[in-house]
Amino acid sequence: MSTQNMYQTILTEVKNNIFYVTINREAKLNALNIQTLTDIKNAVLSIYDNAEVRGVILTGSGKKAFAAGADIAEFAEFNVEQGTKMSAEGHAVLRAIENSPKPVVAAINGFALGGGNELAMSCHIRIAAENARFGQPEVNLGITPGYAGTQRLAQLIGRGRALEYLMTADMIDAQTALNLGLVNHVVPADNLMAKCEEILEKIKTKSPLAIASVIRCVNAYYEKRADGNEVEVNEFGNFFGSEDFMEGTKAFMERRPANFKGN
Ligand code: COA
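Note that the coordinates shown come from a computational prediction; the quantities given were computed from them, not determined experimentally.

### Overview of the site of the ligand
Link 1 in the chain: Taken together, 16 residues surround the ligand, and among them Lys28, Lys64, Ala68, Ala70 and Ile72 come closest.
Link 2 in the chain: A distance of 2.9 Å separates a nitrogen atom of the ligand from a polar atom in the backbone of Ile72.
Link 3 in the chain: Bound to the protein, the ligand loses 60% of the 860 Å² it would expose on its own.

### What to know about a nonpolar patch on the surface
Link 1 in the chain: Judged by side-chain polarity, Val214, Val218, Tyr221 and Tyr222 come together as a nonpolar surface patch covering roughly 450 Å² of accessible area.
Link 2 in the chain: Mapped onto the elements, Val214 comes out in helix H9 (residues 208-220).

### Things to note about helix H8 (residues 192-204)
Link 1 in the chain: For H8, with 13 residues, the first-to-last C-alpha span of 18 Å sits near the 18 Å given by 1.5 Å per residue.
Link 2 in the chain: All buried positions along H8 are accounted for by Leu192, Lys195, Cys196, Ile199, Leu200, Ile203 and Lys204.
Link 3 in the chain: Contact partners of the buried residues in H8: strand E2 (18-23), strand E3 (55-60), strand E5 (104-108), strand E7 (125-129), strand E10 (185-187) and H9.

### Considering the layout of surface pockets
Link 1 in the chain: A volume near 510 Å³ is recorded for the largest pocket.
Link 2 in the chain: Of all the secondary structure elements, the ones that give two or more residues to the lining of the largest pocket are helix H2 (72-75), helix H3 (80-98) and helix H4 (115-122).
Link 3 in the chain: Per-element tally for the lining of the largest pocket: the top contributor is H3, with three residues.
Link 4 in the chain: Here the lining of the largest pocket is composed, by residue class, of 15 nonpolar, 11 polar and three charged.

### Overview of the packing of H3 against H4
Link 1 in the chain: Look at H3 against H4: their axes get within 8 Å of each other, and the N-to-C directions meet at 30°. Overall, the two elements H3 and H4 adopt an arrangement that is roughly parallel. Within the contact between the two elements, H3 uses Leu94, Ile97 and Glu98 and H4 uses Glu118, Leu119 and Ser122.
Link 2 in the chain: Here the residues of the contact of H3 with H4 are counted per class, giving three nonpolar, one polar and two charged.

### A look at the domain arrangement of the protein chain
Link 1 in the chain: We note that the domain assignment places domain 1 (2-204) and domain 2 (208-253) within the protein chain.
Link 2 in the chain: Each of domain 1 and domain 2 has a C-alpha centre, and these two points are 26 Å apart.
Link 3 in the chain: Contacts between the two partners involve 10 residues from domain 1 and, on the opposite side, seven residues from domain 2.
Link 4 in the chain: Summing the contributions of domain 1 and of domain 2, the shared interface buries around 620 Å²; its carbon and sulfur component is 61%.
Link 5 in the chain: Broken down residue by residue, the surface that domain 1 buries against domain 2 is led by Arg54, Pro101 and Gln155, which jointly contribute 49%.
Link 6 in the chain: Joining domain 1 to domain 2, the criterion identifies zero salt bridges.
Link 7 in the chain: On inspection of domain 1 and its partner domain 2, the count reaches two residue pairs in polar contact (both at pLDDT 80 or more).

### Description of the packing of aromatic side chains
Link 1 in the chain: Under the counting rule described, the total for this entry stands at three aromatic pairs.
Link 2 in the chain: Here Phe236 and Phe240 contribute two aromatic rings whose centre-to-centre distance is 5.2 Å and whose plane-to-plane angle is 65°, an arrangement assigned as edge-to-face.
Link 3 in the chain: Judged by relative accessible area, which is 55%, Phe236 ranks as exposed.
Link 4 in the chain: Note on Phe240: relative accessible area 46%, which makes it partly exposed.
Link 5 in the chain: Here the aromatic rings of Phe240 and Phe245 are separated by 4.7 Å at their centres, their planes lie at 55°, and the arrangement is tilted.
Link 6 in the chain: One aromatic cluster in this structure is built from Phe236, Phe240 and Phe245.
Link 7 in the chain: We note Lys15 situated over the ring of Tyr20; from NZ or CZ to the ring centre the distance is 5.0 Å.

Here is what the cut-offs are and how they apply
- Residues numbered from 1 in each chain as written.
- Predicted model: local features only at pLDDT ≥ 70, side-chain atom pairs only at ≥ 80, totals over all residues.
- Heavy atoms only, no water.
- Near = heavy atom within 4 Å.
- Polar contact = N/O pair within 3.5 Å; in protein donor to acceptor, adjacent residues only side chain to side chain.
- Areas by Shrake-Rupley, 256 points an atom, 1.4 Å probe, with all protein chains shown as cover.
- Patch = residues over 30% accessible without salt bridge, like charges linked within 9 Å, V, L, I, M, F, W, Y side chains within 5 Å.
- Salt bridge = Lys/Arg side-chain N within 4 Å of Asp/Glu carboxyl O.
- Helix = DSSP H or I, 4+ residues; strand = E, 2+ residues; numbered from the N terminus.
- Expected span 1.5 Å × (residues − 1).
- Buried < 20%, exposed > 50% of the residue type's maximum accessible area, 1.4 Å probe, protein only.
- Contact = heavy atoms within 4.5 Å.
- 1 Å grid on protein atoms, 1.4 Å probe; cavity = no way out; pocket = protein on both sides within 12 Å on 5 of 7 lines; lining within 4 Å.
- Points joined across faces, edges and corners; volume = space filled by probe spheres on them.
- Nonpolar A, V, L, I, M, F, W, Y, C, P; charged D, E, K, R; others polar.
- Axes fitted to C-alpha atoms, helices over the stretch in contact; angles between N-to-C directions.
- Parallel < 35°, antiparallel > 145°, perpendicular 65-115°, else oblique.
- Domains from an automatic or database assignment.
- Buried area = accessible area lost by both parts, 1.4 Å probe.
- Phe/Tyr/Trp six-rings, centres within 6.5 Å; stacked < 30°, edge-to-face > 60°.
- Lys NZ or Arg CZ within 6 Å of the ring centre and 35° of its normal.

This is how it looks when you write it as structure tokens:
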């Protein structure tokens, strides 16, 4: 399935059960205007129930940027109401990624600043090219992050370190991002997609039911009013009787690879 023409600001394609989403505003360093966020959200939602898709890779076009932030030119004249709406909508887009039942890997091919870093942080796994640069420069513009950067950065690298980067607006190079736990791996730019694909190829061999469940359980910890342990107990119990669970245990006993169907 190829759906290149469905969206205005992104390119999408399914290859080998992986859904590729590429932000296609290279001349603007893939800055996230509202149309781009809407396109990303619709693209991600479109594969929630698509059994052919087993994982998503999200990246930016060109060699310079994953996404250099929310589109400053677009929001520069916004009033309070528009600013609040922009933030709420951005939060909803990033939650759609975070709650995707298919693993979403960010292939960070350059600048991931402001909304770009927030977008990357909403993905389940982040792989950075050696030239990637991260940061939340919003205070330079006289605002705070608006797409959950204050929340997810603190979750990923700890409150004290997050506060420093959020208040200094310092840029973080790829190796530092790795040391901080902001990204999972750093690879040469030419290996970026291959590394993302290698990880998804591994995940593809597992039960899609179990993968979706892992995502729900881990996310539950960060959800208001959810008890992550309780969610895990329920999720675990629900597997008994599933075909994937029976296949997984049978394959182990028969010393062969499991062939999961997602049922
Ligand atoms: N919003 C809108 N346009 C952006 C943008 C953003 N966040 N980031 C980059 N662009 C545009 C530039 O305006 C420029 O457009 P133009 O050629 O029409 O003038 C183009 O992308 C290239 O960017 P440029 O600044 O010329 O590249 P650079 O290599 O000199 O600098 C950055 C790269 C990333 C350091 C710089 O673009 C930057 O600081 N961007 C803003 C980052 C930011 O504050 N993001 C948080 C927003 S809340």
